[in-house]
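Now for the letters of each chain:
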Amino acid sequence: MAAAARARALRAQGIDVISLTLGEPAFPTPPHVIEAAHQAALHGETKYPPVNGTPALIQAVRAKFQRDSQLDYSADEIIVGHGARQIIYDALTASLEPGCEVIVPAPYWNAYPLIARMAGAEPVFLPCSAADGYLPRPETINAAITPRTRWLMLNFPNNPTGAVCSAARLADIATVMRAHPQVWIMCDDIYEHLIHDGSAHATMAAVAPDLASRVLTVSGVSKTYAMTGWRVGFAGGPARLIRAMSRVQGQSTGGVSPVAQAAAVAALEGPQDLVARMRTTYAARGQMVAAALAAIPGVRCAAPRAAFYVFPDISGVLGRTAPSGKVLATDAELADALLADAHVGCVHGAAFGAPGHLRISTAADDEPLREACRRIATFCASLH
Ligand SMILES: Cc1ncc(COP(=O)(O)O)c(C=O)c1O
């Protein structure tokens, strides 16, 4: 968000900045979704909604979990929030207190440690390597668990790496988790429909049904249906956790706008072929950007398996001097220089617990992406 704000500020000065900072699809929200919201507003769905979600959306979310993951949640096991972000906030706030620990495999979406800290808990990071496909090893998870551990955060497909976790690897993690009944598992599946290498999405509650009583399965409409601004996310989990989350949400924001919830129903229940089209586009863009960056001396970059980020290892470029005379010692300094000198906004890897990388969002359109790659290559060539 901060990187996006810096890019916007430069653009306001009239500078032609290409901002690849946010994970925000450039596609418009599908027209039938907008039409459903319009009709909902016209038909009086303009009052305070139930805190946990409208009956129609709760039903649509139950059907979605059944259709996509063969998970059977009852209505009291579902909650709708203002994006997956609030769902995660509700869950951690409801369950953590000072002294608790939350295991966060790295690279991670940076909201996890920040929300855990807001709840007074300590994130415990588990570095995952590119050689391991950016997946946490079961034995490393086991070694990180202490009596204070409350949550294991799993996010596959992953932001920022695009890593995908197979059912077999989740089953191995489940084996470890069976020995630690005090630890809950959060599966943030927000990119579940954006796997572009053909592999299947797997989620813990389906892989290990015996653990489902301590698994929260999180998803939403932001990424799948290009609906980031509508602020609708949801989760399925045990009723007692959902009740506790509902108390947090009830005293913070209350329920999500019924107009937005009607839009989410239309997205979940309407035609799904547009998701496949977007996925194909993201796959092509990921490959195009990864290939262009990998051609830059000092940059290593594999095409992502999922989502819409490319996560190059730029450690080979660090330590060089920009034409401005500044030595670029860290990924943050490189990202700053790219914005100031090449007018390309991206996010430094340290923000995701992976110094030496950049995260480049490929949710933008083709031409700005191509031009951004040209600018990055020209800038790197100018370093000495
Ligand atoms: C891994 C991950 N989880 C959750 C979210 C939040 O999504 P939402 O728009 O539903 O709040 C994001 C958004 O960037 C994300 O990358």
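A. Summary view of the sheet that holds strand β13 (residues 347–348). Strand order in this open sheet of 3 strands is β9-β14-β13, and the pairing throughout is antiparallel. Strands with a single pairing partner mark the edges of an open sheet, and in this sheet they are β9 (309–310) and β13. The pairing of β9 with strand β14 (residues 358–361) spans 2 bridges and is classified as antiparallel. Looking at β14, one finds that V310 is bridged to I360. Contacts from helix α12 (residues 331–342) reach β13 and β14 within the one sheet, and its direction differs from that of β14 by about 40 degrees.

B. Up close: the packing of helix α4 (residues 83–95) against helix α9 (residues 239–252). Two elements in contact, α4 and α9, have axes whose closest approach is 8 Å; the angle formed by their N-to-C orientations is 115 degrees. Between α4 and α9, the interaxial angle falls into the category roughly perpendicular. Of the two elements, α4 crosses α9, and the hand of that crossing is right-handed. Between α4, through Q86, I87, Y89, D90, A91, T93 and A94, and α9, the contact on the second element is made entirely by A244, M245, V248, Q249 and S252. Grouping the amino acids of the contact of α4 with α9 by side-chain chemistry returns 7 nonpolar, 4 polar and 1 charged.

C. View of the site of the ligand. Close to the ligand lie 13 residues, the nearest being A84, N159, D188, Y191 and S222. The backbone of A84 places a nitrogen or oxygen atom 2.6 Å from an oxygen atom of the ligand. Side-chain polar atom of R231 to an oxygen atom of the ligand: 2.8 Å apart, as the coordinates give it. Look at the ligand: alone it shows 400 Å² of surface, and the protein chains cover 93% of it. Of the pockets mapped on this structure, the ligand occupies the largest pocket. Of the residues forming the shell around the ligand, the biggest block, 3 residues, is contributed by α4. For the shell around the ligand, a count of residues per class yields 5 nonpolar, 4 polar and 4 charged.

D. Spotlight on the environment of D365. Considering the arrangement of structural elements, one finds D365 in the loop between β14 and α13 (366–381). Separated by 83 residues in sequence, D365 and Y282 have C-alpha atoms that sit 9.6 Å apart. Not counting the four nearest positions on each side in its chain, D365 is found in contact with A26 and R285.

E. Spotlight on the domain arrangement of the protein. When cut into domains, the protein gives domain 1 (2–23 + 274–381) and domain 2 (31–269). Look at where the C-alpha atoms of domain 1 and domain 2 centre, and you get two points 27 Å apart. At the interface, 21 residues of domain 1 touch 25 residues of domain 2. Taking both partners together, domain 1 and domain 2 bury about 2000 Å²; carbon and sulfur atoms supply 60% of that area. Between domain 1 and domain 2 we count 1 salt bridge in total. For D197, the salt bridge goes to R305, with nearest N and O atoms at 2.6 Å. The interface formed by domain 1 and domain 2 contains 13 residue pairs in polar contact (both at pLDDT 80 or more). Considering every element that reaches the side of domain 1 that touches domain 2, the biggest residue donor is helix α11 (residues 273–294), with 6 residues.

F. Region of the structure containing the pairing of strand β5 (residues 149–154). Within β5, 5 of the 6 residues are buried, which leaves the element mostly enclosed by the surrounding structure. This β-α-β element, β5 to helix α7 (residues 167–177) to strand β6 (residues 184–188), shows right-handed connectivity.

G. Quick peek at the layout of surface pockets. Estimated volume of the largest pocket: approximately 890 Å³. Where the lining of the largest pocket is concerned, the elements lending two or more residues are α1 (2–12), α4, α5 (111–118), α12 and β13. By residue number, the principal contributor to the lining of the largest pocket is α5, which donates 5 residues. Residues that form the lining of the largest pocket fall into these classes: 23 nonpolar, 10 polar and 8 charged. As a volume, the second largest pocket reaches approximately 380 Å³. Considering the residues around the second largest pocket, the lining is formed by 20 residues, among which A130, Y134, T161, A302 and F311 are closest to the centre. Of the domains in this structure, domain 1 (2–23 + 274–381) and domain 2 (31–269) are the two that each give at least three residues to the lining of the second largest pocket.

H. Local environment of unusual backbone geometry. A cis amide bond links A106 to the next residue, P107, at an omega of 0 degrees. Inspection of the secondary structure puts P107 in the loop between β3 (101–106) and α5. For A226, which is not glycine, the phi torsion reads 55 degrees and is therefore positive. With respect to the helices and strands, A226 occurs in the loop between β7 (215–220) and β8 (233–236). Given the relative accessible area of 6%, A226 is considered buried. At A307, a residue that is not glycine, the phi angle is positive and equals roughly 65 degrees. As for its placement among the helices and strands, A307 is situated in the loop between α11 and β9. Here A307 falls in the buried class, since its relative accessible area comes to 1%.

What counts, and where the lines are drawn
- Residues numbered from 1 in each chain as written.
- Predicted model: local features only at pLDDT ≥ 70, side-chain atom pairs only at ≥ 80, totals over all residues.
- Heavy atoms only, no water.
- Pairing = 2+ DSSP bridges.
- Helix = DSSP H or I, 4+ residues; strand = E, 2+ residues; numbered from the N terminus.
- Contact = heavy atoms within 4.5 Å.
- Axes fitted to C-alpha atoms, helices over the stretch in contact; angles between N-to-C directions.
- Parallel < 35°, antiparallel > 145°, perpendicular 65-115°, else oblique.
- Left-handed = near helix turned anticlockwise from the far one by under 90°.
- Nonpolar A, V, L, I, M, F, W, Y, C, P; charged D, E, K, R; others polar.
- Near = heavy atom within 4 Å.
- Polar contact = N/O pair within 3.5 Å; in protein donor to acceptor, adjacent residues only side chain to side chain.
- Areas by Shrake-Rupley, 256 points an atom, 1.4 Å probe, with all protein chains shown as cover.
- 1 Å grid on protein atoms, 1.4 Å probe; cavity = no way out; pocket = protein on both sides within 12 Å on 5 of 7 lines; lining within 4 Å.
- Sits in = over half its atoms within 2 Å of the grid points.
- Domains from an automatic or database assignment.
- Buried area = accessible area lost by both parts, 1.4 Å probe.
- Salt bridge = Lys/Arg side-chain N within 4 Å of Asp/Glu carboxyl O.
- Buried < 20%, exposed > 50% of the residue type's maximum accessible area, 1.4 Å probe, protein only.
- Right-handed = clockwise from strand over helix to strand, strands pointing away.
- Points joined across faces, edges and corners; volume = space filled by probe spheres on them.

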